[in-house]
Amino acid sequence: MLAINVERLRKEFTVPKSREGLKGAFRDLFNREYRHVTAVNDITFQIPKGEICGYIGENGAGKSTTIKMLTGILVPTSGSIEVNGYIPFKERETFVRGIGVVFGQRSQLWWDIGVIESFNLLRKVYRVSEADYRERLDELVERLQLQDLLNRPVRKLSLGQRMRCELAAALIHNPSILFLDEPTIGLDIVVKTEIREFLKTLNERYGTTILLTTHDLQDIEALCSRVIMLDDGNIIYDGGLQELKDTWGRGKEIAFQFGEAMSAARLEQLTEGLDVAWTTENEYEAKAHLPRGANVSDTLARIVGAVNIRDIKIFETNTDEIVREIYKTGSAEKKVAAEADGEREPAAQGAGA
């Protein structure tokens, strides 16, 4: 079953041009010129029920515009959308009862009244029965640790406290789909970790579908098995997070600290026959560089069994580095195609020989 089905979705905006100088500003008063901007360019994707999907991209890539169309705030220029079986902008009143939305930079809570009063108002908006509301509220208050916040005005909450309350507000009516637009922006690492753990538990317990847009790729690492990457309104990658790492990662690096002096020649001798490149910092520190797909345990077995070691650290390319590399080339598909060509080339040369 699909929670979200998007086919050739497109959104264009007409924006005014501004001429330079006082003369240009005067002309704009009487003869305004406009240009068309494509924020989302014929994208297609499907999200099954119960999936946590990361929707990432640079500023202006089209992430928030997509979320606003999926939640019925914006009407698409063309293409089709179904969310929970509804067309968001056509069946909004019924549709919104099945979704929750958190915009990290906008609040759905009333600024000058207590948090609990905002929750009570939202209960009436979503037409939640008193019994269901009490049961849901008790659970959210406990899991998000809101006991001491309920009677405070929203304006007196810290950013981390407000975001926990925003999550509770989005979940008061127990939606089956949760849209999160930058939910951890500006938060410290402790609050981020608490929110990530809460979202994982929510997904596991209720099967809640979550579409997450974020610039913090640690959110993606912690929560998502699938990533959709957007650039200039186009999808440039849609697939598993591990597949992204396997395709784009530069392999692993093992940093050794030795308890005795070691030469580069000795290390190369110990790992002879393995695909390992060594760099030495000094006689007591060295790094083994392994290409993607190489077996770390083979290298460790050769070294650990023969050398006095004080410390070992293993590093691999993180998601931030991978995403930056993809944006440099413009498409993840180019990398896959290039690697496929590289695999075919030796065979072709052999055949020609």
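Please read all numbers here as calculations on a predicted model, not as lab measurements. (Residues numbered from 1 in each chain as written. Predicted model: local features only at pLDDT ≥ 70, side-chain atom pairs only at ≥ 80, totals over all residues. Heavy atoms only, no water.)

### Some thoughts on a negative patch on the surface
Moving on, step 1. A surface patch of negative charge is lined by Asp 132, Glu 135, Asp 138 and Glu 142.
Moving on, step 2. Residue position: Asp 132 is located in helix α5 (residues 130–143). (Patch = residues over 30% accessible without salt bridge, like charges linked within 9 Å, V, L, I, M, F, W, Y side chains within 5 Å. Areas by Shrake-Rupley, 256 points an atom, 1.4 Å probe, with all protein chains shown as cover. Salt bridge = Lys/Arg side-chain N within 4 Å of Asp/Glu carboxyl O. Lys, Arg positive; Asp, Glu negative; His and termini not counted. Charge placed at Lys NZ, Arg CZ, Asp CG, Glu CD. Helix = DSSP H or I, 4+ residues; strand = E, 2+ residues; numbered from the N terminus.)

### With respect to the confidence of the model for the chain
Moving on, step 1. Mean pLDDT over the chain works out to 83, with 90% of the residues at or above the 70 mark.
Moving on, step 2. Mean pLDDT in the chain bottoms out at helix α13 (residues 332–352), which sits at 43, and peaks at strand β4 (residues 78–83), which reaches 93.
Moving on, step 3. Of the regions scoring below 50 in pLDDT, residues 342–353 engages in zero contacts with residues more than four places distant in sequence or in other chains. (pLDDT = per-residue confidence, 0-100. Contact = heavy atoms within 4.5 Å.)

### A look at the environment of Leu 74
Moving on, step 1. If you trace the backbone, Leu 74 turns up in the loop between α2 (63–70) and β4.
Moving on, step 2. Along the sequence, Leu 74 and Thr 184 sit 110 residues apart, while their C-alpha atoms lie 24 Å from each other.
Moving on, step 3. The contact partners of Leu 74, leaving out residues within four places of it in the chain, are Phe 13, Thr 65, Lys 68, Met 69 and Phe 89.

### Some words on the pattern of salt bridges
Moving on, step 1. Summed over the entire model, instances satisfying the criterion amount to 16 salt bridges.
Moving on, step 2. Put simply, Arg 226 and Glu 51 hold a salt bridge, and the shortest N to O gap is 2.9 Å. You can see Arg 226 sitting in strand β8 (residues 226–231) and its partner Glu 51 sitting in the loop between β2 (34–48) and β3 (52–57), a full 175 residues away along the chain.
Moving on, step 3. Look at Glu 51 and you get buried, because its relative accessible area is 18%.
Moving on, step 4. Among the salt bridges present, the one from Lys 287 reaches Glu 253, with a minimum N-O distance of 3.8 Å. Of this pair, Lys 287 sits in strand β12 (residues 285–290) while Glu 253 is found in strand β10 (residues 252–258), placing the two residues 34 residues apart along the sequence.
Moving on, step 5. The class for Lys 287 is partly exposed, based on a relative accessible area of 26%. (Buried < 20%, exposed > 50% of the residue type's maximum accessible area, 1.4 Å probe, protein only.)

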